[in-house]
Amino acid sequence: MTTPTPAATPARPRVLTGDRPTGALHLGHLAGSLQNRVRLQDEAELFVLLADVQALTDHFDRPEQVRENVLAVALDYLAAGLDPQKATCVVQSAVPELAELTVYFLNLVTVSHLRQNPTVKAEIAQKGYGEAIPAGFFVYPVSQAADIAAFGATLVPVGDDQLPMLEQTREIVRRFNALYAPVLAEPQAQLSRVPRLPGLDGQAKMSKSLGNAIALGDSADEVARKVMGMYTDPGHLRASDPGRVEGNPVFTFLDAFDPDPARVQALKDQYRAGGLGDVKVKKHLIDVLNGVLAPIRTRRAEYERDPDAVLRFVTEGTARGREVAAQTLGQVRRALRLFEH
Ligand code: TRP
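Residues numbered from 1 in each chain as written. Predicted model: local features only at pLDDT ≥ 70, side-chain atom pairs only at ≥ 80, totals over all residues. Heavy atoms only, no water.

Trainee: How do you make sense of the packing of helix α3 (residues 63-80) against helix α14 (residues 307-335) when you look at a structure like this?
Mentor: In a pair of packed helices, the angle between the axes and the distance between the axes together describe the arrangement. Packing of α3 against α14 brings their axes to within 10 Å, and their N-to-C directions diverge by 100°. Relative to α14, the element α3 is oriented roughly perpendicular. Here α3 contributes Leu71, Ala74, Leu75, Tyr77 and Leu78 to the contact with α14, which in turn contributes Val310, Leu311, Phe313 and Val314. Tallied by class, the residues present in the contact of α3 with α14 amount to 9 nonpolar, no polar and no charged. (Axes fitted to C-alpha atoms, helices over the stretch in contact; angles between N-to-C directions. Helix = DSSP H or I, 4+ residues; strand = E, 2+ residues; numbered from the N terminus. Parallel < 35°, antiparallel > 145°, perpendicular 65-115°, else oblique. Contact = heavy atoms within 4.5 Å. Nonpolar A, V, L, I, M, F, W, Y, C, P; charged D, E, K, R; others polar.)

Trainee: In this structure, what is going on with the site of the ligand? I would like to understand it.
Mentor: Looking at the ligand, the residues that line it are Leu16, Thr17, Gly18, Asp19, Arg20, Leu49, Ala51, Gln54, Gln144, Asp147, Ile148 and Gln162. In the model, a nitrogen atom of the ligand is placed 2.8 Å from a nitrogen or oxygen of the Gln54 side chain. The separation between a nitrogen atom of the ligand and a polar side-chain atom of Gln144 is 2.8 Å. In the complex, the protein chains occlude 86% of the 370 Å² of accessible area that the ligand would expose alone. Where the shell around the ligand is concerned, the elements lending two or more residues are β1 (14-19) and α8 (140-150). (Near = heavy atom within 4 Å. Polar contact = N/O pair within 3.5 Å; in protein donor to acceptor, adjacent residues only side chain to side chain. Areas by Shrake-Rupley, 256 points an atom, 1.4 Å probe, with all protein chains shown as cover.)

Trainee: Could you clarify how one ought to interpret the pattern of salt bridges in this entry?
Mentor: Opposite charge on two side chains permits them to pair, given that their charged atoms come into close proximity. According to the stated counting rule, one finds 22 salt bridges in the structure shown. The closest approach of N and O atoms between Lys86 and Asp42, which form a salt bridge, is 2.8 Å. In this pair, Lys86 sits in the loop between α3 and β3 (87-91) while Asp42 sits in helix α1 (residues 27-43), placing the two residues 44 residues apart along the sequence. One salt bridge in this structure joins Lys127 and Asp58, with 2.6 Å as the shortest N-O distance. With Lys127 in helix α6 (residues 118-127) and Asp58 in helix α2 (residues 52-59), the pair connects residues that are 69 residues apart, well separated along the chain. Classification of Lys127 by relative accessible area gives partly exposed; the value is 30%. Since its relative accessible area comes to 8%, Asp58 is described here as buried. Sharing partners across several salt bridges, the network here consists of Arg14, Glu45, Arg320 and Glu323. (Salt bridge = Lys/Arg side-chain N within 4 Å of Asp/Glu carboxyl O. Buried < 20%, exposed > 50% of the residue type's maximum accessible area, 1.4 Å probe, protein only.)

Trainee: How should I be thinking about the environment of Glu316 in this particular structure?
Mentor: Tracing the backbone shows Glu316 in helix α14. For Glu316, a relative accessible area of 52% gives the class exposed. Each C-alpha atom, one on Glu316 and one on Val90, is 8.4 Å from the other, the two residues being 226 residues apart in sequence.

Trainee: Can you help me understand unusual backbone geometry in this one?
Mentor: Phi angles above zero are rare outside glycine, and Arg337 is one such case at about 55°. On the accessibility criterion, Arg337 (61% relative accessible area) is exposed.

Trainee: Sorry, what's going on with the pairing of strand β2 (residues 45-50) here?
Mentor: Here β2 lies mainly inside the structure; 6 of its 6 residues are buried. Taking every second residue as pointing to the same face, both faces of β2 are buried, with Glu45, Phe47 and Leu49 on one and Leu46, Val48 and Leu50 on the other. The handedness of the β1 to β2 crossover, carried by α1, is right-handed. The pairing of β2 with β3 spans 5 bridges and is parallel. Pairing of Leu50 across the sheet is with Val91, part of β3. (Right-handed = clockwise from strand over helix to strand, strands pointing away. Pairing = 2+ DSSP bridges.)

Trainee: Can you walk me through the packing of aromatic side chains in this structure?
Mentor: The description of two aromatic rings rests on the distance between their centres and on the angle between their planes. One pass over the full model with this rule turns up 6 aromatic pairs. Relative to Tyr180, the ring of Phe176 lies with its centre 4.8 Å away and its plane at 65°, an arrangement referred to as edge-to-face. Residue classification places Phe176 among the buried positions, given a relative accessible area of 0%. Residue Tyr180 is classed as partly exposed on the basis of its relative accessible area, which comes to 26%. Judged by centre distance (4.9 Å) and plane angle (65°), the rings of Phe251 and Tyr271 are edge-to-face. Here Phe251, found in helix α11 (residues 249-257), pairs with Tyr271, found in helix α12 (residues 261-273); they are 20 residues apart in sequence, far enough to count as distant. (Phe/Tyr/Trp six-rings, centres within 6.5 Å; stacked < 30°, edge-to-face > 60°.)

Trainee: In this structure, what is going on with the nonpolar core? I would like to understand it.
Mentor: Generally speaking, nonpolar side chains in soluble globular proteins are found buried as a group. Membership of the largest hydrophobic core comes to 54 residues, with the highest contact counts inside it found for Leu27, Leu50, Tyr77, Phe253 and Leu289. For Leu50, the residues in contact, after removing those within four places along its chain, are Asp19, Pro21, Val70, Val73, Ala74, Tyr77, Cys89, Val90, Val91, Gln92 and Val314. Counting residues in each nonpolar core, the second largest holds 43 residues, with Leu101, Val120, Ala149 and Leu184 among its members. (Core = buried A, V, L, I, M, F, W, Y, C linked by side-chain atoms within 4.5 Å.)

The following block contains the structure:
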């Protein structure tokens, strides 16, 4: 599919989303972004980036882990319902134009501005880098700006932690267009309406590395075992006691995944009043989650029998992504008055 329009002005909104392939995707990804992507693939031109170069910025000492997860995450995408006919899956490292654009963009930001990025600040503290911050990690918001601009994305779905990245991208794009030539599209953030899914332990975030996640690939038995061990209201000792719904991840999960909100409301009312045991709510949650995961398991099994189809999803998507990025970089180089070779 080649179109005569420049990469920066597509007819449908062009959407870029992405993940660092460092581990299996889980229910937090499903609620926070995958379900939205499955909807978006029908309304927009959806690009999904397997951000392995970005993953190396904090996993440079674990390259095998990143390599293994490129195809594992691609399989998660297909299992979750991304359609190779509709969505374009791109491996970041196979598009060197992204690295090139990052270099040009680095001239348009200051170190002091990068230091103020609240998400990067929080990650630096959490990873305990102290003063020894890897430079590549420090500048990853610039590389992310290059991803967005190179693909000409006009819409980027984000959680609130990614909003500073979008603001940074918009600033860089505006500076580039004003300094050189107006060739880059300025992206809009599409803020997720879904609150972040907590972990099984009630921590603010579900994360594989925190060991509090249900992976999309978990079996029905694993889901049952994990839900039975979930944190609930520690003050709710007997079924007859009144219980707390707020901050109780069992109910947050039901809010996120039960297709029947009236039923969830009734369970909440009963739990608050007393007379509803944790085991009973958890059994209901197990049914709900296995209902959501059943079609995902079926598609996963189909693709596991056809690994070539997974490979094609990634290689054909990457070829298409590279075409788009190369077109943008042609315009970028002309705008920068670079030597034509
Ligand atoms: N930073 C994103 C994450 O950690 C991954 C990512 C890389 C991305 N490049 C992107 C997301 C471009 C959206 C657009 O999940």
